[in-house]
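A closer look at the structure
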Amino acid sequence: GVAAGIPFRVRFMAWDALFKVPVLRSILYGWGAYPVKLKSADKGAIVQTLKILRHGEAVIIFPEGIRNDDGSLAAFEQGPARLAVQTGGAIVPAAIVGSYEAWPSSRRLPRLFKPINVKYYPPVYAKDLPPGLDMKEKVAEMNRRVAAPIRRRMQAWTHLQSRKS
């Protein structure tokens, strides 16, 4: 996954429903995951994230919050960008391509031996946002800057896949 290319331990948010499966819960906690309620301002997850960041650890957050049925990039939620703006932190965009082909949402199990590629981009810092923006504008601009390289990578992947067919 996305954490495989990071040379230090990272924590990540995972859908709270996954923690209801005892075996999966143990695995997720072992990987450093913690639960988040989807499509809500989950106060517990926010507090946990802030605690982790204060301790100098990195947190992986999937800003879309969902998997699109067609593998395209969904609109970003506001939470990750808002956290970066409020803490003065940075977001490192990571484009994951090939995951939809390996495991489309219509399949119960993944297809084996399908390549998945993760590319990390330079950090996007909240401090580099234009001055004078209100919070809503800062969040939107952070999301735009984070999504731009990911969108380009996904478009290039789609173009490459169409040439293979």
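Read on for an overview of the structure. (Residues numbered from 1 in each chain as written. Predicted model: local features only at pLDDT ≥ 70, side-chain atom pairs only at ≥ 80, totals over all residues. Heavy atoms only, no water.)

Considering a positive patch on the surface
In plain terms, the rule: In this analysis, a patch consists of residues with relative accessible area above 30% that form no salt bridge, clustered at 9 Å for like charges and at 5 Å for the nonpolar side chains Val, Leu, Ile, Met, Phe, Trp and Tyr. In these tables, accessible area is a Shrake-Rupley quantity obtained with a 1.4 Å probe, and a residue counts as shielded only by the protein chains included in the view. Counted as salt bridges are all cases of a side-chain nitrogen of Lys or Arg within 4 Å of a carboxyl oxygen of Asp or Glu. For this count, His and the chain ends are skipped, Lys and Arg are scored as positive, and Asp and Glu as negative. By convention, the charge on Lys lies at NZ, on Arg at CZ, on Asp at CG and on Glu at CD. Helical segments are the DSSP runs of H or I of at least four residues, strand segments are the runs of E of at least two, and each set is numbered from the N terminus. Residue burial is assigned from relative accessible area. The probe radius is 1.4 Å, only protein chains are included, and a residue is buried under 20% of its type maximum, exposed over 50%, and partly exposed in between.
On the surface, Arg-107, Arg-111, Lys-114 and Lys-164 cluster together into a patch of positive charge. Residue placement: Lys-164 occurs in helix α5 (residues 135–164). Under the relative-accessibility criterion, Lys-164 is labelled exposed at 60%.

Brief notes about helix α2 (residues 43–54)
Spelled out, the test is: Working rule for helices: expected span equals 1.5 Å times residues minus one. Relevant arc is that of directions from the helix axis to the C-beta atoms, nothing else. For this analysis, residues touch if any pair of their heavy atoms sits within 4.5 Å. Think of a polar contact as two N or O atoms within 3.5 Å of one another; within protein, one of them needs to be a possible hydrogen donor and the other a possible acceptor, and neighboring residues in sequence only count if both atoms come from side chains.
Between its terminal C-alpha atoms α2 stretches 16 Å, which fits the 16 Å expected from twelve residues at 1.5 Å a residue. Ala-45, Thr-49 and Ile-52 are the residues of α2 that are buried. Along the axis of α2, the buried residues cluster in a sector spanning 65 degrees; they form a single face. Looking at α2, the residues exposed on the side facing more than 90 degrees away from the buried face are Lys-43, Val-47 and Arg-54. Contacts from the buried residues of α2 go to β1 (10–15), β2 (33–36), β3 (58–60) and α3 (79–87). Measuring from the side-chain oxygen of the N-cap residue of α2 to the backbone nitrogen of Gly-44 gives 3.1 Å; that N-cap residue is Asp-42. Among the residues trailing α2, Gly-56 stands out with phi positive, at a value near 80 degrees.

Side note on the pattern of salt bridges
One pass over the structure, following the stated rule, counts three salt bridges. Where Arg-144 meets Glu-141, a salt bridge forms, and the shortest distance between an N and an O atom there is 2.7 Å. Separated by three residues within a single helix, Arg-144 and Glu-141 lie in helix α5, roughly one turn from each other. A relative accessible area of 48% places Arg-144 in the partly exposed class.

Some words on the nonpolar core
To keep it simple, the criterion reads: Take the buried residues of types Ala, Val, Leu, Ile, Met, Phe, Trp, Tyr and Cys, join any two whose side-chain atoms come within 4.5 Å, and each joined set is a nonpolar core.
One finds Leu-73, Phe-76, Met-142, Val-146 and Ile-150 to be the most contacted residues of the largest nonpolar core, which totals 19 residues. Only α3, β5 (94–97) and α5 provide two or more residues apiece to this core. Excluding anything up to four places from it in sequence, Phe-76 contacts Pro-63, Glu-64, Asn-143, Val-146, Ala-147 and Ile-150. Judged by nonpolar contacts, the second largest core, of eight residues, contains Phe-12, Ala-14, Phe-19 and Ile-60.

Geometry only, nothing functional implied.
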